[in-house]
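# Structural features, examined
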Amino acid sequence: MKIPFNKPFLTGKETHYMYQAVQSGHISGNGVFTKKCQKFFEERYGFRKALLTTSCTDALEMCAILVDIKPGDEVIVPSYTFVSTALAFIRQGAKIRFLDSRSDHPGIDEEKIEALINDKTKAIVPVHYAGVACDMDKIMSIANEYDLIVIEDAAQAIESFYKDKPLGSIGHLSTFSFHETKNINSGEGGLLAINDDRFIERAEIIWEKGTNRAEFFRGEVNKYGWVDIGSSFLPSEIIAAYLWAQLENLEDIQNRRIETWNVYTKKLKDWSDKNKIQIPFIPDYATNNGHMFYLVCNSGRQRGELIDYLKEKGIHAVFHYMSLHKSEFYEDKHDGRELPEANRYTECLVRLPFFYELTSEQQKYIITILKNF
Ligand SMILES: *Cc1c(COP(=O)(O)O)cnc(C)c1O
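Keep in mind that what you see is a predicted model, and the values were worked out from it rather than measured. (Residues numbered from 1 in each chain as written. Predicted model: local features only at pLDDT ≥ 70, side-chain atom pairs only at ≥ 80, totals over all residues. Heavy atoms only, no water.)

Our focus in this paragraph is the layout of surface pockets. Estimates place the volume of the largest pocket at around 440 Å³. Around the largest pocket, the lining is made up of 26 residues, and of these F82, S177, T181, K182 and Y321 lie nearest the centre. Mapped by element, the contributors of at least two residues to the lining of the largest pocket are α3 (56-66) and α4 (84-90). Among the elements that make up the lining of the largest pocket, the one with the highest residue count is α3 (three residues). Its residues assigned to classes, the lining of the largest pocket shows ten nonpolar, twelve polar and four charged. For the lining of the largest pocket, the domains that each give at least three residues are domain 1 (14-248) and domain 2 (250-372). Reported here for the second largest pocket is a volume of approximately 330 Å³. Forming the walls of the second largest pocket are 17 residues, and the residues nearest its centre are N30, K35, Q38, A214 and R218. Of the residues forming the lining of the second largest pocket, the biggest block, four residues, is contributed by helix α2 (residues 32-45). Taken together, the residues that form the lining of the second largest pocket break down as four nonpolar, five polar and eight charged. (1 Å grid on protein atoms, 1.4 Å probe; cavity = no way out; pocket = protein on both sides within 12 Å on 5 of 7 lines; lining within 4 Å. Points joined across faces, edges and corners; volume = space filled by probe spheres on them. Helix = DSSP H or I, 4+ residues; strand = E, 2+ residues; numbered from the N terminus. Nonpolar A, V, L, I, M, F, W, Y, C, P; charged D, E, K, R; others polar. Domains from an automatic or database assignment.)

In the Ramachandran plot, A130 falls in the positive-phi region, its phi being about 60° despite a non-glycine side chain. For A130, the position within the fold is in the loop between β4 (121-124) and α5 (136-146). For A130, a relative accessible area of 5% translates into the label buried. The phi dihedral of K276 is positive, around 55°, even though this residue is not glycine. Within the secondary structure, K276 is located in the loop between α9 (250-275) and β10 (294-296). Looking at K276, the relative accessible area reads 66%, which means it is exposed. (Buried < 20%, exposed > 50% of the residue type's maximum accessible area, 1.4 Å probe, protein only.)

All told, the structure shown has 27 salt bridges when counted by the stated rule. A salt bridge links D197 to R48, with the nearest nitrogen and oxygen atoms 2.7 Å apart. Placement of the pair is D197 in the loop between β9 (190-194) and α6 (200-207) and R48 in the loop between α2 and β1 (49-53), with a sequence separation of 149 residues. Since its relative accessible area comes to 42%, D197 is described here as partly exposed. Here K138 and D135 are joined by a salt bridge, their closest N and O atoms 3.8 Å apart. Here K138 falls in the partly exposed class, since its relative accessible area comes to 33%. (Salt bridge = Lys/Arg side-chain N within 4 Å of Asp/Glu carboxyl O.)

This next bit is on the pairing of strand β3 (residues 95-99). Most of β3 sits inside the fold, with four of its five residues counted as buried. One ladder, built from five bridges, connects strand β2 (residues 74-78) with β3; its direction is parallel. The residue bridging V77 from the neighbouring strand is F98, located in β3. Handedness of the β-α-β unit built from β2, α4 and β3 comes out right-handed. (Pairing = 2+ DSSP bridges. Right-handed = clockwise from strand over helix to strand, strands pointing away.)

Shown next as structure tokens:
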């Protein structure tokens, strides 16, 4: 048996809607499908404003512009995350203060945030790793106390909740990814969600190359022109059409993925306890959105052996995230603090195959093989 790590799921309607978009004659951005997707997110998750972007990275870059990051400003970001979480702010000149992970979960250690705050701190960017919520009450109360902006990197967190609040609806701003490795995908794609009204008008301008085109088309101004900085952050209607097909099937996709996640958890619980291998932990205040299933091995060596062994058996398991504070690009700019948990996940975490079409037969095979390791 050969089992890939990921296989992007097609609902079957993607090309139909893409054809419709092409036939309509409007294939640039901000057309019918873009508006349908944005309305879907605003209504389902209560965002004050949703703007489709060409990636989560783009949405994070928009956040960095919106909160006016300037050279010398500091932004608090986890070390164990994807590059973009930090990169978007670096481009505006920020200094990154990296946070360690929790020992029970790769998400940020909320207890360590306050010690990193000083006069230059502008924002905190919590990442909901594996779609599991960070402790948002704690983070928002720190942010309120020190007057900081919270940007949720919810790239992996669609349809996940913190105490019944949808992730992405709690911070001032938040970002999602529709990269092909995420639950809902459009190949490449993303979303900026705005929960603080102060940012809405300017976000629309930054989104469309620094012009007030959106206001013009709503008839709010009588001509449109260049009014601010920005970029071409909006995706074409062809991408939005693809995404719409996925959103129409959101519940089906989520149900299937959560089912797959539950089987992994149930069947591997005793085995992981016995071998002291860590499996995903969901705090009481969080939900599971079936984004990924990972194991944390006892050592880097054990992880390497496990990946090789699975590969021999046709199973493609992968590891990810090299602590950003130790990256070639940032190591000499880092403040020197040790971040032992981030390093441990860097060395020991492995992700099992996880996708909509993973059959129960394939999953049974993976579990049996794992138990023989
Ligand atoms: C996938 C991911 C991103 C980047 O998303 P893109 O849409 O590829 O730009 C950023 N942050 C996290 C936590 C991610 O998982």
